Amino acid sequence: MIDVMNPAILFGYGSEVTQMKGIFKDYLFNKHIFVREGDLNAAENRFETLFALANLFNIRITDGEKLVHSDMIRFAAEHLGENVPEPFYRGFPGSVRKLSKERLLFDQLVHYTITYGFGDFSEAGHSLFEENFERMAFKENADIKDFTILSEADAASAVKAFAADLLAGSRPLSDEQYELVKACITELMLVPEEVASKNTAIKLLLDLRSPMFTEFIRMSDVIKLVDELNFREYGNENIKKLNLKNRDRKFITSVMDWLFQMGRVDLRTCYEKKKIWAGLLHHIHYQAKSEEARQFLAAMRGEGNLSVYAEFEKAMTEKNVKMAVDALKTGKGSAAVLRNLNYLISRCESVEDMQYILDCMETSNVIVLLQLLLRYAQYKAGTQPRTFKFTKYNRMRVHAETAAEQKKRKSVISEGQAKMLASGIVDNLKRVLKGRLGKVYIDPAMKNYALPIQENTAQSGFGILTKGSRIQIPETKKLRAFTYWEKVNDIDLSVFGIDENGHRTEFSWRTMAGRQSSGITYSGDETSGYKGGSEYFDIDLDAFRKEYPKMRYLIFCDNVYSGIPFNKCFCKAGYMTRDLADSGKVYEPKTVKSSYLIDCASTFAYLFGVDLQTNEFIWLNIARDSMARVAGTTEMDFLIDYFHVTDVVNVYSFFEMMATEVVSDIEEAEIVVTDKSVTCAEEVQVIREYDIEKMIALMNR
C-alpha cells in the first residue's frame with residue numbers, strides 16, 4: 001500500500017523537475033506570457049532584448065518589461081520557428097510557377113531517388129531547374145503579438161490557477177492540459193479540490209497511484225480505469241480479453257477496496273456493465289473484505305439486471321414512453337433524458353407523449369445542453385448515410401454508416417422536431433446561465449470564437465483556438481500553411497477542396513505537379529538534410545476562387561508518410577498570413593499566426609480549414625485515430641460541421657447569456673471579453689479568445 005502521508009513517495013517529486021518547468025513555460029508562452037527565471041534584479045541587455053523580440057517576432061511586452069531577459073529571444077525562436085528548414089524550392093512560390101509540369105515531376109523523382117535510394121540525408125536537396133533567387137528585405141505588415149512577463153513565483157500561481165480551472169471541467173482534457181495538471185500536482189504541490197472529469201481522475205489515479213483520487217470516482221468508473229490501463233500498458237482495446245500483470249491486478253484490487261471503504265459504490269450503474277464486471281472480478285481474483293463487497297460480488301455474478309437502462313429498455317419495448325422517461329429521470333437525471341431524445345421522440349405515438357418528454361428536458365448541466373444544442377441546431381434529416389464521430393483515448397474515430405445499418409435505422413426525427421428541441425434547449429440554457437456574471441463588455445469579434453466543449457483531441461502550441469473558431473483573412477493577404485519535422489523521413493501536408501455537393505479535390509504531393517497556379521502553390525517536399533524537412537502551401541484566396549469557382553471549403557491535413565506515429569518524431573504545423581507580393585524569407589516568424597506541435601499517437605491529423613465564401617480561416621486541430629499514411633484515403637466531409645459551430649453558439653452569445661447587463665462602455669464593465677489589446681482597471685477581469693481554462697470553469701461551475 002502507498003504511504004499517503006509521504007508526498008515524495010506518493011508523487012515522486014523532483015523526478016522530472018527540468019521537464020516540468022518546460023511544460024509550465026511552454027503553456028504560459030501559448031498564453032502570451034514569458035517567465036523570468038533567476039535573479040529578478042539583473043537587467044542585462046534589457047533594451048537590446050526588447051528590440052530583438054520586436055524586430056524578429058513582432059512581440060511587444062505590455063507588462064513586466066523590467067523582467068525581460070535575453071533567454072526569451074531563444075525561447076520565442078523555439079516556439080515560433082526561427083530555424084525552420086527551407087523549402088525544396090528556395091524561390092517559393094514565384095519560381096515554382098515558372099517550372100513546367102515535366103520539370104516539377106523530374107525534380108521530385110531525382111530528389112526522392114537520392115534521398116531514399118541512397119539514404120542521403122546529409123544536406124538539403126534542391127531543384128535542378130530553379131533559377132538563382134535573391135529575396136528582398138522583409139517589408140510586410142504583420143500583427144503585433146502582445147506578451148507579458150511574470151516572475152517564477154507569479155508564473156507558478158498562474159499555472160496553478162489554470163490547472164484548477166481545467167480540473168473544474170467535466171469533459172476530458174487534451175494531452176497538453178492533462179500534463180499541465182499532473183505537473184502542478186507533482187511539482188507545485190497543488191491539492192485538487194475537485195476533479196470533475198472522471199476521465200481526468202482516472203488518468204491521475206493511474207499515473208500517481210494515490211488513493212486521494214478515488215474521492216473523484218465511483219465503483220462504476222473502475223471499468224473505465226481498467227480500459228485505460230489495458231490500452232496504455234498493453235496496447236489492448238478489448239476489455240473483455242484481459243491479460244493483466246500481477247502488479248496491475250493488485251492495483252485494481254486496492255482501488256476497489258478504497259471505494260468500498262469510502263462508500264462510493266453505485267450498484268445500479270455497475271449493472272450496466274454487468275458482464276464486463278463478472279469477467280474482471282474473475283480475472284483479478286477479487287476477494288470480498290466487507291459485507292457490502294460480498295453483496296456487490298453476488299450482484300455482478302448473479303442473475304438479473306437492475307440497471308436504470310434495463311428498466312428504461314423494458315419500458316421502451318412495451319411502448320410506454322412516459323415510464324421510460326421516468327426511469328431515466330429518476331435513475332440518471334434529466335441529462336440522461338436529453339442524451340436519449342432521438343430514441344424517445346422517434347418512438348412517440350401521441351402528442352401527449354411528445355409533450356411529456358419536453359416537460360422533462362430541463363437540466364442545469366451546461367455542457368450537455370451545449371452539446372445537444374450543436375447537435376439539433378445542425379440536424380439534417382434524410383436518407384443519406386450518416387457519419388458518426390467519437391473520441392477514444394484522446395483521438396477521433398470516424399464511422400460511416402453502412403447500407404445494412406442505414407436500413408435498420410429507427411431513431412429518426414424530423415428537422416421540424418429538431419428545430420423545436422434546439423429552441424427548448426436555448427431557453428433552458430438562458431435560464432441556467434442568467435445572472436452568473438455582473439456587468440460584461442463583449443467585443444463583437446467574440447462571435448467568431450467557439451466554446452471549448454470538446455478539445456481532448458487537440459494539439460498544443462502558440463495561436464491555438466477552439467474547434468470551429470473563425471479568423472478573418474484580410475483581402476490583402478494570402479495564407480501560407482506549413483509543416484516541418486525532425487526524427488522522421490517524411491511528413492506530408494495536404495489540402496482538400498470540397499464543393500457544396502461534397503465532391504473532393506486533392507492538392508498534395510501526388511497531384512500538385514499538374515496543379516501549380518497563381519491560386520495554389522506547393523513548395524516541393526524537402527525531406528533531406530539532417531536537421532529535418534518541411535513543406536508549404538501558398539493559397540491566394542481570390543485567385544483560387546477564380547480558378548475553382550465551385551469550391552466552398554479547404555481542409556488541411558498532416559500525415560506521416562514514413563508510417564511512425566507523430567509522438568515518436570518531432571512535427572510542427574501552422575500558418576502565416578503573408579502579403580500577396582512576397583518579401584523576406586519563405587518562413588517569417590513575424591507573420592506566424594500559429595505554430596503548434598503535433599504529438600498524437602497516430603499518423604494522421606486534421607489541421608485547419610478555410611471557408612472560401614467568407615474568406616475565413618477555421619480551426620479544426622483534431623488528432624484522428626488512424627495509421628493512414630496517405631491523406632486522400634480518409635473521410636473528411638463530416639468536418640464541415642465544425643465550420644458552422646459559431647453560427648449556433650459562440651463566446652459572445654455564451655457571455656451574453658451569463659451577464660446581468662451587457663455594457664457598451666469598457667469602463668463600466670466588471671468583466672471584459674475581447675481579442676484586442678485593452679487597458680482596464682486592476683480589478684476588472686479580462687478574458688481573451690485563448691483563455692480556454694476560464695471558459696471551461698464558467699461552463700462547469
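Please read all numbers here as calculations on a predicted model, not as lab measurements.

The rules behind these values
Starting from 1, residues in each chain are numbered consecutively following that chain's sequence as written. At least 70 in pLDDT is required for a residue's local features to be given in this predicted model, at least 80 for side-chain atom pairs to be given and counted, and no such filter applies to totals for whole chains, interfaces and linings, which use all residues. Hydrogens and water are ignored here; the side-chain numbers use all heavy atoms of the structure. Only one rule defines a salt bridge in this text: a Lys or Arg side-chain nitrogen within 4 Å of an Asp or Glu carboxyl oxygen. Here a helix means four or more residues in a row that DSSP labels H or I, a strand means two or more in a row labelled E, and each is numbered from the N terminus. Burial classification: accessible surface area is computed with a 1.4 Å probe over protein chains only, and a residue below 20% of its type maximum counts as buried, one above 50% as exposed, and the rest as partly exposed. The definition of a nonpolar core used throughout is a set of buried Ala, Val, Leu, Ile, Met, Phe, Trp, Tyr and Cys residues joined through side-chain atoms within 4.5 Å. Here a residue-residue contact requires only that any non-hydrogen atoms of the pair lie within 4.5 Å. Where helices are involved, their axes are fitted lines through C-alpha atoms of the stretch in contact, as for all axes, and angles between N-to-C directions lie from 0 to 180°. Here roughly perpendicular refers to angles of 65 to 115 degrees, roughly parallel to angles under 35, roughly antiparallel to angles over 145, and oblique to all remaining angles. Throughout, a crossing is termed right-handed when the near helix is turned clockwise from the far one, and left-handed when it is turned anticlockwise from it by less than a right angle. Here the term charged refers only to Asp, Glu, Lys and Arg, the term nonpolar to Ala, Val, Leu, Ile, Met, Phe, Trp, Tyr, Cys and Pro, and the term polar to all other amino acids, Gly among them. Disulfides are defined in this document as cysteine sulfur pairs within 2.5 Å.

With that out of the way, let us pick up the pattern of salt bridges. Per the counting criterion, the structure on display carries 42 salt bridges. Arg232 serves as the salt-bridge partner of Glu228, at 3.5 Å between the closest nitrogen and oxygen. Separated by 4 residues within a single helix, Glu228 and Arg232 lie in helix α10 (residues 222–234), roughly one turn from each other. Close ionic contact of Lys694 with Asp691 constitutes a salt bridge, the shortest N to O distance being 4.0 Å. Looking at Asp691, the relative accessible area reads 6%, which means it is buried. Several salt bridges converge on common partners, so that one network encompasses Glu179, Lys182, Asp207, Glu228 and Arg232.

Now for the nonpolar core. Met256, Trp277, Phe296 and Phe655 are the most contacted members of the largest nonpolar core, which has 182 residues in total. In contact with Phe655, not counting residues within four places along its chain, are Leu437, Ile442, Val673, Ile687, Met695 and Leu698. With 31 residues, the next largest nonpolar core counts Met72, Ala76, Phe88 and Leu104 among its residues.

With that settled, consider the packing of helix α11 (residues 246–262) against helix α13 (residues 274–284). Between α11 and α13, the shortest axis-to-axis distance is 10 Å and the interhelical angle comes to 120 degrees. Our classification of the angle between α11 and α13 gives oblique. Classified by chirality, the crossing of α13 by α11 is left-handed. Along its contact with α11, which presents Arg249, Ile252, Thr253 and Met256, the element α13 presents Trp277, Leu281, His283 and Ile284. Taken together, the residues of the contact of α11 with α13 break down into 5 nonpolar, 2 polar and 1 charged.

All chains considered together, the criterion is met by 0 disulfides. Here Cys360 stays unpaired: no disulfide links it, and the sulfur of Cys348, its closest cysteine neighbor, is 11 Å away. Among the residues examined, Cys360 registers a relative accessible area of 6% and is labelled buried. In this structure Cys600 is not part of a disulfide, and its nearest cysteine sulfur, from Cys571, lies 8.9 Å away.

Structurally, Val678 can be placed in the loop between β20 (671–673) and β21 (685–687). Residue Val678 is classed as partly exposed on the basis of its relative accessible area of 23%. Expressed as a C-alpha distance, the spacing of Val678 and Ile666, which sit 12 residues apart in the sequence, is 9.0 Å. Leave out the neighbours within four places in its chain, and Val678 touches Ile666, Val672, Val686 and Arg688.

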